[in-house]
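A closer look at the structure
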Amino acid sequence: YKVALQLVLPGTMLPMVMGSGLFAEVSARQSRGEEVAQTVTNNIAFASLFTVPLFFGALAMPESIVVTVFGEEYRSAALLLVGLGLYQVVAMQSNQIQAVVQGLDRPDVILYVITATLGVNLVLGVALVYQIGAFGVVVATIVAETVKFGLLTAFARREVAYELLPAPVRYELLAGGAMFVVVEGLH
C-alpha cells in the first residue's frame, strides 16, 4: 500500500496548494459580497492536471511502474497503484470543493461530510478487507471519497454556481484516455 501511495503522491502537490489558495480567495470574496463561481471553476479545471495522467499511466502499466521503481518483490502493489491513482483523481477534486465550503465558513458541513466519509470508509473497508484483501481497503477509500465529493458538491453547488465539469477537465480525461490507449498499445 505504501509503495503504491508513494507513486501517486507527486500528483497531489499542485491541487493541495490550489485548495489552500481557493479557501482564502472564496473567504475574502464572499465576505465582500463578490462572485466566486469563476474562481472555483478555474480551480476545479486544473486540480487534476497531474493526477489524471498519473492514473491513466498506472492503469496502462501498473506492474512495470512498481517493479521498475521498487523492485520485483513489490509486484503485488500494482493493483493498489491503479486504485490509489483513481482515488487521487477524486480526492483532488474533493479537496477543491472542501476549500470552497471552508471558505463559505461552514465547518458544520465539513464535520458532517467528514464523519459520513469516515463511516463509509470504515464499514466498507472492514467488510471488503475480508472479502478481497488489501485492495478492499482501496475500494472502500475510493467509494468513501466519492461520497465525500458528492456531499460536498451538493452543498457547494447550492451556494456557488460553478461548473461541475469544466472544459479543461474534459480535455484532461480525453487526453488521459488517449494516452492510455497509446501506452497500452506500445506496452
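For the structure itself, look to the data block above.
A few points on the structure.

1. Structural notes on the overall build of the chain
In terms of regular secondary structure, the chain is built from nine helices and zero strands. On the principal axes, the C-alpha backbone points of the chain span a range of 55 × 35 × 20 Å. Per-residue burial over the chain gives 42% buried out of 187 residues. Surface accessibility of the chain: about 9,600 Å² in total, with carbon and sulfur atoms responsible for 67%. A gap of 5 Å separates the mean positions of the 9 positive and 13 negative side-chain charges of the chain.

2. Section: unusual backbone geometry
The residue D105 is not glycine, and still its phi comes out positive at about 60°. Relative to the helices and strands, D105 resides in the loop between α6 (78-103) and α7 (107-132).

3. What about the pattern of salt bridges?
Side chains that carry opposite charge are capable of pairing whenever their charged atoms lie near each other. Under the counting rule described, the total for this entry stands at six salt bridges. Measuring nitrogen to oxygen at the nearest pair gives 3.0 Å for the salt bridge that ties R32 to E34. One salt bridge in this structure joins D108 and R106, with 2.8 Å as the shortest N-O distance. The class for D108 is partly exposed, based on a relative accessible area of 42%.

4. A closer look at helix α2 (residues 13-31)
Here α2 is 19 residues long and its end C-alpha atoms lie 28 Å apart, about the 27 Å a rise of 1.5 Å per residue gives. Burial in α2 covers these residues: P15, M18, G19, L22 and V26. On an axial view of α2, the arc spanned by its buried residues comes to 105°, and they lie on one face. Exposed positions of α2 whose direction lies more than 90 degrees from the buried face are M13, V17, S20 and S31. The inward-facing, buried residues of α2 abut α3 (37-47) and α6. Where α2 ends, the next residue or the one after it, G33, has phi of about 75°, a positive value.

5. Re a nonpolar patch on the surface
Residues Y1, L122, V123, V126, V129, Y130 and V137 make up a contiguous nonpolar surface patch of about 700 Å² in total accessible area. Looking at the nonpolar patch, the element that brings in the most residues is α7, giving five residues. Inspection of the secondary structure assignment puts Y130 in helix α7.

6. Points about the packing of helix α5 (residues 62-70) against α6
Across the interface, α5 lies against α6 with an axial gap of 8 Å and an inter-helix angle of 110°. Relative to α6, the element α5 is oriented roughly perpendicular. Every residue of α6 that contacts α5 at P62, E63, I65 and V66 is listed here: A78, L81 and V82. Residue classes in the contact of α5 with α6 are distributed as six nonpolar, no polar and one charged.

Quick notes on the rules
- Residues numbered from 1 in each chain as written.
- Predicted model: local features only at pLDDT ≥ 70, side-chain atom pairs only at ≥ 80, totals over all residues.
- Heavy atoms only, no water.
- Helix = DSSP H or I, 4+ residues; strand = E, 2+ residues; numbered from the N terminus.
- Buried < 20%, exposed > 50% of the residue type's maximum accessible area, 1.4 Å probe, protein only.
- Areas by Shrake-Rupley, 256 points an atom, 1.4 Å probe, with all protein chains shown as cover.
- Lys, Arg positive; Asp, Glu negative; His and termini not counted.
- Charge placed at Lys NZ, Arg CZ, Asp CG, Glu CD.
- Salt bridge = Lys/Arg side-chain N within 4 Å of Asp/Glu carboxyl O.
- Expected span 1.5 Å × (residues − 1).
- Arc of directions from axis to C-beta.
- Contact = heavy atoms within 4.5 Å.
- Patch = residues over 30% accessible without salt bridge, like charges linked within 9 Å, V, L, I, M, F, W, Y side chains within 5 Å.
- Axes fitted to C-alpha atoms, helices over the stretch in contact; angles between N-to-C directions.
- Parallel < 35°, antiparallel > 145°, perpendicular 65-115°, else oblique.
- Nonpolar A, V, L, I, M, F, W, Y, C, P; charged D, E, K, R; others polar.

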